[in-house]
Amino acid sequence: QGRVEELLPAIEEVLRQDRASAIAHQMRVRALSGLDRVDALELAADEWIAASANVETPYRETARVGRTRGDLVRAAAVLEEGRKRIDREDALALELGDVYAAAGDVVGAVREWDRAIGPDGHGFLLVQRRVQMLPNGGASLLQAFLEGVIGGREGLQRAAKFGVPA
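What comes next is a walk through the structure. Please read these numbers as outputs of a predicted model, since none were measured by experiment. (Residues numbered from 1 in each chain as written. Predicted model: local features only at pLDDT ≥ 70, side-chain atom pairs only at ≥ 80, totals over all residues. Heavy atoms only, no water.)

1. With respect to the overall build of the protein
Scanning the protein from N- to C-terminus turns up ten helices and zero strands. Listing each helix as α and each strand as β along the protein from the N terminus yields α-α-α-α-α-α-α-α-α-α. The buried share of the protein, taken over its 166 residues, is 36%. For the protein, restricting intrachain contacts to residue pairs at least 6 apart in sequence, the fraction spanning at least 24 positions comes to 40%. Working note: accessible area of the protein is about 9600 Å², and carbon and sulfur atoms make up 54% of it. (Helix = DSSP H or I, 4+ residues; strand = E, 2+ residues; numbered from the N terminus. Buried < 20%, exposed > 50% of the residue type's maximum accessible area, 1.4 Å probe, protein only. Contact = heavy atoms within 4.5 Å. Areas by Shrake-Rupley, 256 points an atom, 1.4 Å probe, with all protein chains shown as cover.)

Structure follows, in structure tokens:
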């Protein structure tokens, strides 16, 4: 307890030996955030992204730290940068949906979670869990979510036949 700073030299040594160590980068970013060393945190995040630019993990974890710190704008920017560098439309969509939902941007959250679900529905359960964790179980997002996922007003009418409120 309260000895996070003492870990930094050991983390730095691991990174000297293995610049791509995801665990060491993650520990360093989280430790610096916990110590409220914002400048060092930004540098550490940039170094991790540079070491693994084509992998989702550094963007996801850096955005998670930003979100925890209340910096939703920074979190979204990091995730968007990651999507651009990874060059895949659905990259980091789940996390972007979370950030937009936290910011109150229902349309943005639904758009990203729709991408995360994908055309074959593979991400549905992940998104369902996210929505259920929102206040009121995500009830405020339900209409926009259904419109985005199952096809606008016609989709809502089809869903109503199965007991989903429109």
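The structure having been displayed, the exposition proceeds.
2. Comments concerning helix 7 (residues 106-117)
Taking 1.5 Å per residue as the helical rise, helix 7 with its twelve residues ought to reach 16 Å, and the 16 Å between its terminal C-alpha atoms agrees with that figure. Of all the residues in helix 7, the buried ones are Gly108, Ala109, Val110, Glu112, Trp113, Ala116 and Ile117. In the stretch just after helix 7, Gly118 is the one whose phi turns positive, near 80°. (Expected span 1.5 Å × (residues − 1).)

3. With respect to the packing of helix 2 (residues 22-34) against helix 4 (residues 56-68)
At a closest axis distance of 10 Å, the pairing of helix 2 and helix 4 adopts a crossing angle of 10°. One way to sum up the angle between helix 2 and helix 4 is to call them roughly parallel. Regarding helix 2 and helix 4, the two cross each other, and that crossing is right-handed. Contacts between helix 2 and helix 4 involve Gln26, Val29, Arg30 and Ser33 from the former and Glu61, Arg64 and Val65 from the latter. (Axes fitted to C-alpha atoms, helices over the stretch in contact; angles between N-to-C directions. Parallel < 35°, antiparallel > 145°, perpendicular 65-115°, else oblique. Left-handed = near helix turned anticlockwise from the far one by under 90°.)

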